[in-house]
Amino acid sequence: MLASAPLSLFLSAALLGAALAPPPDDSGGAEADAGEDRVRTVLLIAGEDDSHAAGTHEYAATVAALAEYLKDSNVGERLRVETAVGWPKDAAALDRADCVFLYSGGGDRDEKNHPLLVGDRWSQLEAAAARGCGVVLLHWSTFLPDRLHDSAMAVVGGRFDYEGGEHPKGWESRINFAQPTVTPTADHPVTDGVEPHHLHDEFYHHLSFPKAKAGWTPLLTAPLPEDDGTTSSQTVAWALERAVTSGGSIHRAVGFTGGHFEKNLKGEGTEANHRRFLMNAIAWSAGLEIPRGGVRTFDELWTPVSRTDAKLPYEVEKEPDWIDDRIRDMDPGPFFFSSLSLPDGEKILKGVAITVPGASPEEHVAVDTLTGVARCGWGGRFLEHTDRRYGLIDLPKVGGECVWSLPKTARWTVRDESGEVTPAEVKYDALTVDGPDVTLHFTIAGEVVRFLADENGTRYESGLGGEKLSPPAGGPGLRVRWQLGAPYADPAPRWTPLVTAGRLGKPLAESAEAFAVDTVDLPFDNPPNALLFLSGLGFTPDGTAYVAAAHGDVWQVRGLDGDLSQIEWRRFATGFYQPLGMTVRLTAESEPEIFALGRDRITKLIDVNGDGEADRYESFNADLDIIGQPHAYAMGLETDAEGNFYFLKSGSASTKQGGCLVQVTADGAEMKVVATGFRHPNGIGLSPEGSSFAGLVTAADNEGNWVPATPLHLIDPSVAVSDAAAAKYYAGFVPTAHREATIAFDQPALWMPRAVCTSAGGQCWVPCDDHCDEAWGSLAGSMLHLSYGRCTANLVLTEDLHVPGAPRAQGAVMPLPGVTFQAGVCRGRFFPGTADLWVCGLDGWQTAAVKDGCLQRLRRTDAPVRLPTSLKVHRDGLELRFATELAEEAADPANWDIEAWTYKRTADYGSPELRPSDPEQEGHDVWPVAAVSLSPDRRGAYLSIPRLEPVMQYSLHADLTAADAAPVPVRLFGTIHHAGDRWLGWGGEGG
């Protein structure tokens, strides 16, 4: 806990005992030297290109991929990764290295083709190994000559013998293309998390290994052909570990003879076990202990794991279930913002790809908005999207061969009055669209510069002040004009409006007919083949909705009031970088402003000519730090009374906002971190004026590694952004925390079990106004939590705590009886001037969704609400209030069932439910209800619970009836941080 943090905001982990202590050491594997905690340097060396076909022996691409995987892995914070194509030019590179990895040509054709056999490089490697530096050789790099046999056995532990045999080529060792089952043969750190797997590869076997096997371990075997046509099990990977100095330094080495095909490591068809083996090998050889389950990529850390307690089909879905290539058929419009993979293996982190109307052969161009540089132009297909996870996980690629390209170092320059040329400062301002023509607006060295893509091709234009500017050579040129004209004309709308209808749902019997769910038909069949995975929602005061779709669109929707008989859809904006947040903010003059949140920025959308489509995409704030990795989304978008924006960001701790709650000031000028330590938080809300937690931000993280269940946090942004210590509010997820990993994390107000929420959406607050006061009664001002995983809405009962050492609140959650939606609901807004909640959602990985997306209304009917309305924890029991009078049966303790359990935070995905009385044993503790006291108005029940104590999770179930015989189901799941005073009876006059 932070010493200077407000006690009302933070909770010491000691409050809930050992189960909530800082994360235990989860590492395993071989012992390393005493400097285990220090950061290790790995040097990944790629050989120069050789004559192999594309997709094979991709030395540089393989090294680049491994570097990226390692940096973003669960050992990434303990590694410093350096790469080189060809032997490092930095003479000190080997001296810094704790491990040298080499993937290159071999020495059988010509020794100069093997980087280690040129000059004194082998001697350099011997010297590095002698001080304890690890060595990993992959594939052809294992071809080493007889003259180095003894040294190779000490440095690597094995080699391909190409000189000592009777093979026509003089080989003792053999080569075979095969697709065998590769099997780990040893319980070794390098094989931790590696399962038997099929691998199509070129394997070397019948290798030369040391005669003395002390410290030598075979790691992988595969059945491979012999010369006589039979098959035998052959060692294809091995490890070596030996002491090399009297001071106890250890030299470790790994060899693997596969690695021919690039596809096994990266891209579609990647074999995760192959990738994990290589990462384990590098990390172990560098002296690190391997985490339990092996070194895992950022992508793997975010991949849901099928649970043994899964009950529904979607809970056991895996990667093949999420393959969907429909994004490839979608017309994205004339431009598309994204991080973009280029043919040379580089990335544009914040880019926009643009179709150039009427141009050839340069049909498309990619512009880096960070530098203002047009990086490449190409013909053919616009973009190539992956089909993995509905096309929402991997970066798109340039869809054809580049006609021209510029290096990532290309920059604009400015010439001062003395003639000195320096790099120019660049700021991207906006994109405007005029039919098929696209213009990017920049400020470069203080001058307005436009990049145009129209029927005349591509070019830059500026006013007379642009004479001092120079774009990088080799790309579009700069035209300096006397004055710049209007950025766009008044085009006709690009997209045809679509009309659907809605259906009014019947009152739900499970809720005693208090609620109904109405459904709008989405225009799934539409001319541009636009996908409708809905991910954001905002309303203007007149009831016009703006709805974001995760694949890049914003739709304007009208007709959501009344009977839903005619719903008009307009494709209002296109080309966003996975917009997962949407909001409407009112100006001082009550004019609506439309904002969308993508992975790269907050964009303000302006319909200049009033044709129902955005013409200007204004970069409102682009301070997000992104590195183009998967699972690094920006999610939700809320505004407070002052107009400040809030959203959640997942991603690596190597970025400024990874795993954070973020605030952007009302003018868009500044981005601040409010809270950190989140894993993959998709759910956000902002409590309104009139609620008991007015002004607090709610943030729900998702279960996974170090997050044992779904937590719901209440955070005071006015404290967090003004106090230097509280600004680092730590929610508890170690790998992306911007704080030291050993610190006690701050407890959420509430944990939610998988039975309620397998993956969180956002939170909505029932407004405190005349409409909702009448329709929702005592639930006006209450919080509703949306579950993306379960596709449900849930009532959250919160209890305000002002207790030293405790969080701001504790509470319980209850699924609204019978309320389910067609897709994973993430965002919700109340329709202006009504008591109706509109929600939107999308399909994805491990959700109960039955449609790509949904836009549905949770409507209060005329029937009374029969739900719990408040909950208070006493030292000896629970006090509940209800929205209806209860029948006498509620006073019978036998009608109430209470169980309690806890969770354990580990690097594993989630946690089993564990008994608080024995946290090593799976199961629940039963808390018997000793007595029940009903309030005089029969709308309250006090449950005397002798065993009640602080606990991470409890369930309270009862099937009650109201005084009028209507059902009153109780399905509460809560968290207890603090048990208050003894109950003194109704009105405080005795129990």
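Above this text you will find the structure in question.
Residues numbered from 1 in each chain as written. Predicted model: local features only at pLDDT ≥ 70, side-chain atom pairs only at ≥ 80, totals over all residues. Heavy atoms only, no water.

Undergrad: Can you walk me through the layout of surface pockets in this structure?
TA: Vacant regions in the atomic arrangement are exposed by a probe of water-molecule size rolled over the atoms. A volume near 1,200 Å³ is recorded for the second largest pocket. Considering the residues around the second largest pocket, the lining is formed by 40 residues, among which Val584, Glu638, Thr639, Pro688 and Arg829 are closest to the centre. The biggest single contributor to the lining of the second largest pocket is strand β36 (residues 581-586), with four residues. Of the residues that constitute the lining of the second largest pocket, the class distribution is 17 nonpolar, 15 polar and eight charged. (1 Å grid on protein atoms, 1.4 Å probe; cavity = no way out; pocket = protein on both sides within 12 Å on 5 of 7 lines; lining within 4 Å. Points joined across faces, edges and corners; volume = space filled by probe spheres on them. Helix = DSSP H or I, 4+ residues; strand = E, 2+ residues; numbered from the N terminus. Nonpolar A, V, L, I, M, F, W, Y, C, P; charged D, E, K, R; others polar.)

Undergrad: Even after reading the chapter, I still don't get the packing of helix α1 (residues 59-71) against helix α5 (residues 272-285), so can you show me in this structure?
TA: Helix-helix packing: each pair is described by the crossing angle between the helix axes and the interaxial distance. Interaxial distance between α1 and α5 falls to 11 Å at its minimum, and their mutual angle equals 75°. Considering the angle they form, α1 stands roughly perpendicular to α5. In this structure, α1 contributes Leu66, Tyr69 and Leu70 to the contact, and α5 contributes Arg275, Leu278, Met279 and Ile282. Within the contact of α1 with α5, the residues separate by chemical class into six nonpolar, no polar and one charged. (Axes fitted to C-alpha atoms, helices over the stretch in contact; angles between N-to-C directions. Parallel < 35°, antiparallel > 145°, perpendicular 65-115°, else oblique. Contact = heavy atoms within 4.5 Å.)

Undergrad: Help me understand the pairing of strand β34 (residues 553-558) in this model?
TA: Regular strands place their side chains on alternate faces of the sheet. With five of six residues buried, β34 is to be regarded as a mostly interior element. Bridge count between strand β33 (residues 545-549) and β34: five bridges; the pairing is antiparallel. Looking at the pairing, Ala549 lines up with Asp553 of β34. Remark: three residues form the turn of the hairpin made by β33 and β34, two consecutive strands paired antiparallel; Gly552 in that turn has positive phi of roughly 130°. (Buried < 20%, exposed > 50% of the residue type's maximum accessible area, 1.4 Å probe, protein only. Pairing = 2+ DSSP bridges.)

Undergrad: Would you mind showing me how to read helix α3 (residues 121-130) here?
TA: Since the α-helix turns once every 3.6 residues, residues separated by three or four places project in the same direction. All buried positions along α3 are accounted for by Trp122, Leu125, Ala128 and Ala129. Looking straight down α3, one finds its buried side chains confined to an arc of 120°; they lie on one side. In the core, the buried residues of α3 are packed alongside α2 (93-96), β4 (99-103), β5 (134-138), α4 (149-155) and β12 (250-256). Two residues or fewer after α3 comes Gly132, characterised by a positive phi angle close to 110°. (Arc of directions from axis to C-beta.)

Undergrad: Explain the state of the cysteines here, please?
TA: Working definition of a disulfide: a covalent bond connecting the sulfur atoms of two cysteines. Scanning the entire structure with this criterion turns up zero disulfides. Here Cys660 stays free of any disulfide, with the sulfur of Cys826 as its closest cysteine sulfur at 20 Å. You can see Cys764 has no disulfide; the closest cysteine sulfur is in Cys840, sitting 9.6 Å from it. Residue Cys764 is classed as buried on the basis of its relative accessible area, which comes to 5%. (Disulfide = S-S within 2.5 Å.)

Undergrad: So what exactly am I meant to see when it comes to the packing of aromatic side chains here?
TA: One pass over the structure, following the stated rule, counts 31 aromatic pairs. Between Phe143 and Trp171 the ring centres are 6.3 Å apart and the planes differ by 85°, which places this aromatic pair in the edge-to-face class. In this pair, Phe143 sits in the loop between β5 and α4 while Trp171 sits in the loop between α4 and β6 (174-178), placing the two residues 28 residues apart along the sequence. Accessibility assignment for this pair places Phe143 and Trp171 in one class, buried. Ring geometry for Phe576 and Tyr617: centres 5.7 Å apart, planes at 45°, overall tilted. (Phe/Tyr/Trp six-rings, centres within 6.5 Å; stacked < 30°, edge-to-face > 60°.)

Undergrad: It is not clear to me how α1 should be interpreted in this structure. Could you clarify?
TA: An ideal rise of 1.5 Å per residue puts 18 Å on 13 residues; α1 measures up with 18 Å between its terminal C-alpha atoms. Where α1 is buried, its residues contact β2 (40-46), β3 (79-85), β4 and α5. (Expected span 1.5 Å × (residues − 1).)

Undergrad: Mind showing me how you'd approach the side chain of Ser619 here?
TA: Tracing the backbone through its elements, the reader meets Ser619 in strand β39 (residues 616-621). There is a polar contact of 2.8 Å between the side chain of Ser619 and the side chain of Arg601. With residues up to four places along the chain from it excluded, the contact list for Ser619 reads Tyr428, Asp429, Ala430, Arg601 and Ile602. (Polar contact = N/O pair within 3.5 Å; in protein donor to acceptor, adjacent residues only side chain to side chain.)

Undergrad: Is there a simple way to explain unusual backbone geometry in this structure?
TA: For residues that are not glycine, phi is negative in most cases, and the peptide bond is trans in most cases. Although it is not a glycine, Tyr390 sits at a positive phi angle of roughly 65°. Along the polypeptide, Tyr390 turns up in the loop between β18 (383-384) and β19 (397-398). For Tyr390, a relative accessible area of 8% translates into the label buried. Residues other than glycine seldom take positive phi values, yet Cys791 does so here, at roughly 60°. With respect to the helices and strands, the residue Cys791 is situated in the loop between β50 (783-787) and β51 (792-800). The class for Cys791 is buried, based on a relative accessible area of 1%.

Undergrad: Can you walk me through the pattern of salt bridges in this structure?
TA: For the coordinates displayed, the defined rule picks out 46 salt bridges. Here Asp146 and Arg159 are joined by a salt bridge, their closest N and O atoms 2.6 Å apart. With a gap of 13 residues between them, Asp146 in the loop between β5 and α4 and Arg159 in the loop between α4 and β6 connect regions that are remote in the sequence. On the basis of relative accessibility, which here comes to 3%, the residue Arg159 falls in the buried class. With a shortest N-O distance of 3.4 Å, Arg601 and Asp600 are connected by a salt bridge. Asp600 carries the same exposure label as Arg601, and that label is buried. (Salt bridge = Lys/Arg side-chain N within 4 Å of Asp/Glu carboxyl O.)

Undergrad: Whenever I open this one, the sheet that holds β4 confuses me. Can you help?
TA: Think of a sheet as strands paired side by side through backbone hydrogen bonds, with each pair either parallel or antiparallel. Spatially, nine strands are ordered β3-β2-β4-β5-β12-β11-β10-β7-β8 in an open sheet, and the strand pairing comes out mixed. Edge positions in the sheet fall to β3 and β8 (197-198), since each has one partner strand and no second. In this structure, β2 lies alongside β4, joined through five bridges in parallel fashion. Across the sheet, residue Val42 finds its bridge partner in β4, namely Cys99. The strands that α1 touches are β2, β3 and β4; relative to β2, the one it contacts most, it runs at about 160°.

Undergrad: Just checking my understanding: could you explain empty space enclosed by the protein for this structure?
TA: Under the definition given, this model contains 12 cavities of 30 Å³ or more. In this model, the largest cavity occupies a volume close to 520 Å³. As for the largest cavity, its lining consists of 29 residues, and the residues nearest its centre are His680, Asn702, Ser759, Tyr788 and Trp845. Considered as a void within the structure, the second largest cavity measures approximately 160 Å³ in volume. As for the second largest cavity, its lining consists of 18 residues, and the residues nearest its centre are Val433, Arg494, Trp495, Glu613 and Ala614. Looking at which element gives the most residues to the lining of the second largest cavity, the answer is strand β35 (residues 567-573), with three residues. Considering only residue class, the lining of the second largest cavity consists of 11 nonpolar, two polar and five charged.

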